[in-house]
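# Structural characterization, general
Here is what each chain is made of, one letter per residue.
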Amino acid sequence: MIEVRDVHHVYLRDSPLAAVALRGISLTIPDGERIGLIGPTGSGKSTLVQTLNALIRPTSGTVSVDGEDIFAPKADRRRVRQKVALLFQYAEQQLFEETVAKDVAFGPRNLGLPEDEIATRVHEALQSVGLDPDRFGPRSPFTLSGGEMRRVALAGVLAMSPKVLILDEPTAGLDPQGKAEFLQLILRLHAQRQLTVILINHSMDEIAQTTERVIVLDAGRVVMDGPTRQIFARAEELEHLHLGIPQTAQILHRLRARGLPVRTDLFTLEEARAEVLRVLRPA
Amino acid sequence: MDGLDTRDQPAVWQVRQRVGMVFQNPDNQLVATVVEEDVAFGPENLGLPPAEIRRRVEEALRVVEMGEYRHHAPHLLSGGQKQRVAIAGILAMRPMCLILDEATAMLDPQGRAEVLQTVARLNREEDITIVHITHAMEEAALARRIIALAAGRIVLEGPPAEVFEQPEALRRLRLALPPVAALVRGLRAAGLPLRGHPLTVDQLVDALTGLAAARRP
Ligand SMILES: Nc1ncnc2c1ncn2[C@@H]1O[C@H](COP(=O)(O)OP(=O)(O)OP(=O)(O)O)[C@@H](O)[C@H]1O
Ligand SMILES: [Mg+2]
């Protein structure tokens, strides 16, 4: 479980360019949840998730992982980063080894694991992301497609055996099928490894499909937090925050505004289809 | 390009002034240490008078709503903010053609909508050609013409209404229907007599309320 208590963060404190990124964030994240973290550009999403695995030390406030204050003087921050893994946006830009297998092995090797354990983890991680270890392991990462490279980067993170997987815009730049496949993969990993998943994403459609709880940031504060279905029913507030709702939900909201008795707390394609048919069933 | 041969080395600057590119990764496009200087970089290279440069910078920053950040350092902005500055830098060149290479991928939904509205306005009012490279099918649906490439060849081309009538071909290309078109397909398959090619939320809402009205006794 992750507990965030009154976290504030100011970049470039004491300089004329000081930027307040977080203004008093408190959150509890139980194990195994699938969370969507959304918010307008500059609202502090990337900053917040970097405080969760101790990449950024907040100006004030505390973050604890499984009861341990990760910024306490004696805290083992390497272990925190192993437990709480962060896949950066365009993570494939950080691949650098000459083979896929070496790249995935980088993290576990840094943990000082024995060679056979490293080999097992690399094998399992590549399998988890749907890349055949024998076929892809020896290849250069730079000969892969964008979607495959992104998977290699994810495998590198999974090889650390994290409990919490944070993904900062993981589908940006992938083709539509690549996006759908990547999200399916995340859902499968969540189910198989009982991971906590925190997904930052600007696509409300993708958030709607993959998460059960949505946290909305605005100007460094948590302004909404609740079950995905309830959050997307608050269309006006979301639009006010520059966020909007999935297109299918927009359609239901507009139909209702025009007097059709449709529900507005639905958002998947299948739900919207069934609801429109319920009200407009062909004679 | 506008009668210029792009192979002609001396014409390169004239071509680049006419065709502005905004790339996927804003970090690779920002050159100055202050936002307004970054936006001024292009017009300065065109040798415009300082007053004109200032006017263009003002206007471009206003269009992308980054005016209040004019004195900030671009590399310290968030991803979405950087991209808006990069777009402003191109707009300040007053190009004939604006190419957006996934330039909206990192923006929040409203930022994205604002950029799309801005380029739609530039297209309508300033007659600027827009080439929008995108993985978002609902954005492609807003174009007048879609071109799909695969393995270096044009494999599909036509107005959105035609291209999005071919779900199988799209799937083979690892593409997909925009959400509205996918919903339309599901509704038609269930026997709902939807006519035309609704591709946007507004178009589908109009079509459905039309059906409901016709249904009333
Ligand atoms: N390294 C930095 N130095 C100074 N200010 C920064 C730095 N990184 C971010 N900021 C500022 O902190 C605020 C929050 O930025 P952050 O990157 O967390 O936003 P975000 O919600 O992830 O935005 P986006 O959706 O655009 O990625 C912004 O105002 C940004 O300009
Ligand atoms: Mg971010």
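Residues numbered from 1 in each chain as written. Chains lettered and ligands numbered in written order. Predicted model: local features only at pLDDT ≥ 70, side-chain atom pairs only at ≥ 80, totals over all residues. Heavy atoms only, no water.

### Describing the overall build of chain B
Filter applied, for reference: We count a stretch as a helix when DSSP gives it H or I for four or more residues in a row; a strand needs E for two or more, and each element gets its number in order from the N terminus. Relative accessibility under 20% of the residue-type maximum defines a buried residue, over 50% an exposed one, and the middle range a partly exposed one, all with a 1.4 Å probe and only protein chains included. Charged residues are defined here as Lys and Arg on the positive side and Asp and Glu on the negative side; His and the ends of the chain fall outside this count. For this purpose, a charge sits on NZ of Lys, CZ of Arg, CG of Asp or CD of Glu.
When you go through chain B residue by residue, the secondary structure sums to 10 helices and five strands. C-alpha extents for chain B along the principal axes are approximately 65 × 40 × 30 Å. Per-residue burial for chain B yields a buried fraction of 48% across its 217 residues. Of note, chain B has its 25 positive side-chain charges centred 6 Å away from the centre of its 28 negative side-chain charges.

### Quick notes on the environment of Phe106 of chain A
All names here are of chain A. This is how it is decided: Contact between two residues is taken to exist if any of their heavy atoms lie within 4.5 Å; hydrogens are not considered.
Within the secondary structure, Phe106 is located in helix α3 (residues 100-110). A residue is classified by how much of its surface remains accessible, and Phe106, at 39% relative accessible area, is partly exposed. Sequence-wise, Phe106 and Phe96 are 10 residues apart; in three dimensions their C-alpha atoms are separated by 10.0 Å. If we ignore the near neighbours within four places in the chain, the residues touching Phe106 are Phe96 and Glu97.

### A closer look at the sheet that holds strand β9 (residues 213-218) of chain A
All names here are of chain A. Which entries qualify depends on this criterion: Any two strands with at least two DSSP-identified bridges between them are counted as paired. Between N-to-C directions, angles cover 0 to 180 degrees, with each direction set by a line fitted to C-alpha atoms, over the stretch in contact for helices.
Taken in spatial order, the six strands of this open sheet run β6-β7-β8-β3-β9-β10, and their pairing is mixed. Edge positions in the sheet fall to β6 (84-87) and β10 (221-227), since each of these pairs with one other strand and no more. Sheet twist, expressed as the average angle between the axes of neighbouring strands with direction ignored, equals 15°. As judged from the four bridges shared by β6 and strand β7 (residues 164-168), these two strands associate in the parallel manner. Bridging from a neighbouring strand, Ala85 pairs with Leu165 of β7. Of the strands in this sheet, β6 and β7 touch helix α6 (residues 146-158), which is tilted by about 170° from β6.

### With respect to the interface of chain B and chain A
The following threshold applies: By salt bridge we mean one thing: a side-chain nitrogen of Lys or Arg within 4 Å of a carboxyl oxygen of Asp or Glu. Contacts described as polar in this section are N or O atom pairs within 3.5 Å, which, within protein, must combine one atom able to donate a hydrogen with one able to accept it, while residues neighboring in sequence count only if both atoms come from side chains. Residues were grouped as follows: Ala, Val, Leu, Ile, Met, Phe, Trp, Tyr, Cys and Pro as nonpolar; Asp, Glu, Lys and Arg as charged; and all remaining residues, including Gly, as polar.
Taken residue by residue, the interface counts 43 residues in chain B and 39 residues in chain A. The interface formed by chain B and chain A contains four salt bridges. A salt bridge links Asp206 of chain B to Arg258 of chain A, with the nearest nitrogen and oxygen atoms 2.6 Å apart. At the surface where chain B touches chain A, the tally comes to seven residue pairs in polar contact (both at pLDDT 80 or more). When residues of the side of chain B that touches chain A are traced back to their parent elements, those giving at least two are α4 (79-91), α5 (109-125), α6 (137-140), α9 (179-189) and α10 (201-215) of chain B. In terms of residue class, the side of chain B that touches chain A is made up of 21 nonpolar, 12 polar and 10 charged.

### Some points on the sheet that holds strand β3 (residues 129-133) of chain B
All names here are of chain B. Across the sheet, which stays open at both edges, the three strands sit in the order β1-β2-β3 with parallel pairing between neighbours. The open sheet terminates on both sides in strands that have one partner only, identified here as β1 (19-22) and β3. Put simply, the sheet's adjacent strands are angled 15° from each other on average, direction ignored. Examined bridge by bridge, strand β2 (residues 97-101) and β3 share five bridges and lie parallel to one another. In the strand pairing of β3, Leu100 is matched with His132. Together, β2 and β3 form the strand contacts of α5, whose direction differs from that of β3 by roughly 150°.

### Things to note about the nonpolar core
Convention followed: Throughout this description, the term nonpolar core refers to a set of buried Ala, Val, Leu, Ile, Met, Phe, Trp, Tyr and Cys residues connected via side-chain atoms within 4.5 Å.
Counting 50 residues, the largest nonpolar core has Val104, Leu154, Leu167, Val216 and Leu238 of chain A as its most contacted members. In terms of nonpolar packing, the next biggest core, distinct from the first, is built from 28 residues, Val35, Ala60, Ile90 and Ala92 of chain B among them.

### A few points about the packing of helix α4 (residues 115-128) of chain A against helix α7 (residues 176-193) of chain A
All names here are of chain A. Quick reminder of the rule: Small angles under 35 degrees read as roughly parallel and large ones over 145 as roughly antiparallel, with 65 to 115 read as roughly perpendicular and the rest as oblique.
Here α4 crosses α7 at 130°, and the two axes come no closer than 11 Å. By the angle class used here, α4 and α7 are oblique. Between α4, through Glu124, Ala125 and Ser128, and α7, the contact on the second element is made entirely by Leu185, Arg188, Leu189 and Arg193. Grouping the constituent residues of the contact of α4 with α7 by class yields three nonpolar, one polar and three charged.

### Some words on the packing of helix α12 (residues 269-280) of chain A against α9 of chain B
In plain terms, the rule: Helix crossings fall into two classes, left-handed where the near helix is turned counterclockwise from the far one by less than a right angle and right-handed where it is turned clockwise.
Viewed as axis vectors pointing N to C, α12 of chain A and α9 of chain B meet at an angle of 50°, and their least axial separation amounts to 10 Å. What the angle tells us is that α12 of chain A and α9 of chain B run oblique. Here α12 of chain A runs over α9 of chain B; the crossing is right-handed. Here Leu269, Ala272, Arg273, Val276 and Leu277 of chain A of α12 of chain A lie close against α9 of chain B, whose contacting residues are Pro179, Ala182, Leu183, Gly186 and Leu187 of chain B.

### Details of the site of ligand 1
Short version of the rule: Whether a residue is near a molecule or strand is decided by its heavy atoms; if any one of them lies within 4 Å of it, the residue is near.
Taken together, 19 residues surround ligand 1, and among them Gly42, Lys45, Ser46, Thr47 and His202 of chain A come closest. Surrounding ligand 1 are residues belonging to chains A and B, so the site spans chains. In this structure, His202 of chain A approaches ligand 1 through a side-chain N or O atom, which is 2.9 Å from an oxygen atom. In this structure, Gln81 of chain B approaches ligand 1 through a side-chain N or O atom, which is 3.3 Å from an oxygen atom. For the shell around ligand 1, the elements supplying multiple residues, two or more each, are β2 (19-29) and α1 (45-52) of chain A together with α4 of chain B. Tallied by class, residues from the shell around ligand 1 come to seven nonpolar, 11 polar and one charged.

### Re the environment of His197 of chain B
All names here are of chain B. Structurally, His197 is set in the loop between α9 and α10. Between the alpha carbons of His197 and Pro160 there is a distance of 9.0 Å; along the sequence they are 37 residues apart. Once you skip the residues sitting within four places of it in the chain, His197 turns out to touch Ala161, Glu165 and Gln203. At 3.3 Å, the side chain of His197 forms a polar contact with the side chain of Glu165.

### Digging into the pattern of salt bridges
Residues and elements named next belong to chain B. Enumeration according to the criterion identifies 34 salt bridges over all chains in this entry. Among the ionic pairs, Arg18 bridges to Asp2, the shortest N-O distance being 2.8 Å. With Arg18 in helix α1 (residues 12-18) and Asp2 in the segment before α1, this residue pair connects regions lying 16 residues apart in the sequence. The residue Glu52 makes a salt bridge to Arg56 at a minimum N-O spacing of 2.9 Å. With Glu52 and Arg56 both in helix α3 (residues 50-63) and four residues apart, this pair spans about one turn of that helix.

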